[in-house]
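What follows is the residue order along each chain.
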Amino acid sequence: AQSVTQLDSQVPVFEEAPVELRCNYSSSVSVYLFWYVQYPNQGLQLLLKYLSGSTLVKGINGFEAEFNKSQTSFHLRKPSVHISDTAEYFCALNYGGATNKLIFGTGTLLAVQP
Amino acid sequence: DAGITQSPRHKVTETGTPVTLRCHQTENHRYMYWYRQDPGHGLRLIHYSYGVKDTDKGEVSDGYSVSRSKTEDFLLTLESATSSQTSVYFCASHRTTDSNYGYTFGSGTRLTVV
């Protein structure tokens, strides 16, 4: 069965420091991978997605992620965070098939401190 | 992504009453999904639809039913609401065009069962 694991429930970081949010997945077939951000009391916003091609994917707000098939990972990175990046981040996968279901990880709260 | 509207946005209901949440999309997407979001669990799939009158269960379907009589509308019904169904509910649809492959999410419905 397909699954997504976000091991870090919370990541505290100081403003202007780099950050990496980890995402690992399990799937026996090819997958499409997504990162979403949710600001407090808001809906989901797409940060970036990997469908195929280059394994380094650039998204909005200076975020990027690297697809690593051998490590079954899709970690999200930002070289310098801002207070406004404080939010919950979700990794998700779609393995296609007949249903195109999107499976989410449990989320990582990025807490940026001044 | 203004293609999905969820109603109501907020609802408080009493234990044991039936509740219906509505999801309306204007994108003519074939696939639609209902998720619930709870702290520590991320978003979990309740039910999904792969066409008019074609629906199936997700991972947390107990106590919920769905209906899809038109492409644009996907209804989620809590047959007899319980306090454990207090949650934020998100509807989504799936875009399959190569140029914009991904998902459109609604703004969510915050349901409180008292």
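The following refers to the structure shown.

About the cut-offs
Residues numbered from 1 in each chain as written. Chains lettered and ligands numbered in written order. Predicted model: local features only at pLDDT ≥ 70, side-chain atom pairs only at ≥ 80, totals over all residues. Heavy atoms only, no water. Core = buried A, V, L, I, M, F, W, Y, C linked by side-chain atoms within 4.5 Å. Buried < 20%, exposed > 50% of the residue type's maximum accessible area, 1.4 Å probe, protein only. Contact = heavy atoms within 4.5 Å. Salt bridge = Lys/Arg side-chain N within 4 Å of Asp/Glu carboxyl O. Helix = DSSP H or I, 4+ residues; strand = E, 2+ residues; numbered from the N terminus. Polar contact = N/O pair within 3.5 Å; in protein donor to acceptor, adjacent residues only side chain to side chain.

**With respect to the nonpolar core**
Point 1. Core analysis: the biggest nonpolar cluster contains 28 residues, and W35, L48, F74, L76 and Y89 of chain A have the highest contact counts within it.
Point 2. Every residue in contact with Y89 of chain A, bar those within four places of it in the chain, is listed here: Q6, L21, W35, Y36, V37, L47, F63, L76, G107, T108 and L110 of chain A.
Point 3. Residues A92 of chain A together with Y33, L45 and Y48 of chain B belong to the second largest nonpolar core, which totals 19 residues.

**What about the pattern of salt bridges?**
Any two side chains of opposite charge can pair if their charged atoms end up close together.
Residue and element names in this part refer to chain A.
Point 1. Enumeration according to the criterion identifies 9 salt bridges over all chains in this entry.
Point 2. E20 serves as the salt-bridge partner of R77, at 2.8 Å between the closest nitrogen and oxygen. With R77 in strand β9 (residues 73-78) and E20 in strand β3 (residues 19-21), this pair connects stretches of sequence that are 57 residues apart.
Point 3. Take R77: its relative accessible area is 27%, and that puts it in the partly exposed class.

**Some points on the interface of chain B and chain A**
Point 1. Taken together, the 19 residues of chain B in the interface contact 20 residues of chain A.
Point 2. One can count 0 salt bridges joining chain B with chain A.
Point 3. On inspection of chain B and its partner chain A, the count reaches 9 residue pairs in polar contact (both at pLDDT 80 or more).
Point 4. Among the elements of the structure, β4 (32-38), β5 (42-51), β9 (87-95) and β10 (102-105) of chain B are those that each provide at least two residues to the side of chain B that touches chain A.
Point 5. If one sorts the elements of the side of chain B that touches chain A by residue count, β5 of chain B sits on top with 5 residues.

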